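Examining the three-dimensional arrangement
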Amino acid sequence: MTVSVLVVDDSAFFRKRLTEILTASGQIRVIGVAANGREGVELAESLRPDVITMDYEMPVMDGISAVREIIKKRPVPVLMFSSLTYEGARITLDALEAGAVDFLPKNFEEIAQAGSGLQKTLVNRILDVAGSRPDSRAPSSPKPEHSSSPPAAKRPVPERQPARRRPAPPDGTKDDPVTTRPKGRKTPAQHYAIVGIGTSTGGPVALQRVLAALPASFPAPIVLVQHMPASFTPAFAERLNKLCRIEVRQAVDGEYLRPGLALLAPGGKQMMVENRGGQPRVRILPGDERLNYRPSVDITFGSIARAFPGKGLGLVLTGMGADGREGCRMMRQRGSPIWTQDEKSSVIYGMPMAVEKAGLSDEVLALDEIGPRLVEGVC
């Protein structure tokens, strides 16, 4: 099946080169091009493409405004092009919040070269996001500026439908060997020494929604692994800190873990957790080029399994691929429960599906259930 694409960019060179690359793949058909956001909105409605590629800086209407209009009129996966700078990261995060599903670096030199790695990445990313679910719902309101007033009280848990759990296997079949808990009911509320959350495509907005639901007094430290370039994670940590009542920072090597603090793994590196002498902390290591993901959910979750056997809680949210599955397996083998985001609320149901299909998920939750469930289940 051919994926239809609309290219929106004010650069004639970029529109032409992008069209050539995508058409040459044999799997993608460019059905239209637009030189500004307003044209992009109009063509998105008339041509009804499967995917839209979108620049930010354009005349008449910028990319973020165009994404908002497109998602409002007819939700379609939008792939943003971004500069790998702090300002580019801030703009890209705004675009993801507006409804774009993913982003790629905009590098004129690399995209001009025949056979560049970016070209292969571009084609694969478009094919991956073609079946994604854009989501334009606004994240939770930002927390107020820091003051001397006491931390906000826990949010009341809203009434909701029971979460979907993986059914028990029929008689005579084998369940996953690490499965020891009965299925079909919630894991009991307990004190966790640490909560680990891993995600990829769709993760920036998903993490905002989950973390914004937590009170400043949340009783466990949190480590976050989001697939993201090194130039983006500082801006993302700052954004999360402004939106949430808990404190969120980009992790630095040797930083100690404490309740009410969430540490985000730096892009391009690996984050591990260690627990020596009752003083848990994170270690930040150089990213190994042999590994597909830097940071990797598997590596962070594997370290949680070793440092806190039976005392951690793992969550895997929306994202493509299977990063996190083996880390979850290690955590489960050592007695820690795993929760995953459900298919309906995931932008891309890849990472959570890999965990659930492996029989490692204790609870499968809709995105908006996860924050309140954490408040309810972590004491």
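Quick caveat: nothing in here was measured; it's all calculated off a predicted structure.

What follows covers the sheet that holds strand S12 (residues 312-316). Spatially, S8-S9-S7-S6-S12-S13-S14 is the arrangement adopted by the seven strands of the open sheet, whose pairing is parallel. Because the sheet does not close on itself, it has two edges, and the strands there are strand S8 (247-250) and strand S14 (363-365). Between one strand axis and the next, the sheet turns through 20 degrees on average, direction left out of account. Where strand S13 (residues 338-341) lies against S14, three bridges are found, and the strand directions are parallel. Across the sheet, Gln341 pairs through a bridge with Leu365, a residue of S14. Against the sheet, helix H8 (residues 233-243) makes contact with strand S7 (222-226), S8 and strand S9 (261-264), and its axis sits at roughly 175 degrees relative to S8, the strand it touches most. Contacts from helix H10 (residues 325-333) reach S12 and S13, with the element oriented near 155 degrees to S12.

As a volume, the largest pocket reaches approximately 840 Å³. Secondary-structure elements contributing two or more residues to the lining of the largest pocket are strand S5 (102-105) and helix H6 (117-129). In terms of residue count, the dominant contributor to the lining of the largest pocket is H6 (seven residues). Of the residues belonging to the lining of the largest pocket, the class tally is 13 nonpolar, twelve polar and six charged.

Now for the pattern of salt bridges. Following the criterion strictly, the structure yields 24 salt bridges and no others. The salt bridge partner of Arg283 is Asp253, with a shortest N-O separation of 2.8 Å. You can see Arg283 sitting in strand S11 (residues 279-286) and its partner Asp253 sitting in the loop between S8 and S9, a full 30 residues away along the chain. Here Asp253 falls in the partly exposed class, since its relative accessible area comes to 41%.

Looking at H10, one finds that the buried residues are Gly327, Cys328, Met331 and Arg332. The buried residues of H10 occupy one face: seen down the axis, they fall within an arc of 135 degrees. In this structure, the buried residues of H10 make contact with helix H9 (297-307), S12, S13 and helix H11 (351-357). The first or second residue beyond H10 is Gly335, which carries a positive phi of 95 degrees.

Counting 60 residues, the largest nonpolar core has Met54, Ile197, Ile222, Leu224 and Leu374 as the members making the most contacts within it. Ranked by residues supplied to this core, first place goes to helix H4 (residues 86-98) with six residues. Aside from chain neighbours lying at most four places away, what touches Ile222 is Val195, Ile197, Leu211, Leu214, Ile246, Leu261, Ala262 and Leu263. Counting residues in each nonpolar core, the second largest holds 26 residues, with Phe301, Ala307, Ile338 and Ala358 among its members.

Parameters at a glance
Residues numbered from 1 in each chain as written. Predicted model: local features only at pLDDT ≥ 70, side-chain atom pairs only at ≥ 80, totals over all residues. Heavy atoms only, no water. Pairing = 2+ DSSP bridges. Helix = DSSP H or I, 4+ residues; strand = E, 2+ residues; numbered from the N terminus. Axes fitted to C-alpha atoms, helices over the stretch in contact; angles between N-to-C directions. Contact = heavy atoms within 4.5 Å. 1 Å grid on protein atoms, 1.4 Å probe; cavity = no way out; pocket = protein on both sides within 12 Å on 5 of 7 lines; lining within 4 Å. Points joined across faces, edges and corners; volume = space filled by probe spheres on them. Nonpolar A, V, L, I, M, F, W, Y, C, P; charged D, E, K, R; others polar. Salt bridge = Lys/Arg side-chain N within 4 Å of Asp/Glu carboxyl O. Buried < 20%, exposed > 50% of the residue type's maximum accessible area, 1.4 Å probe, protein only. Arc of directions from axis to C-beta. Core = buried A, V, L, I, M, F, W, Y, C linked by side-chain atoms within 4.5 Å.

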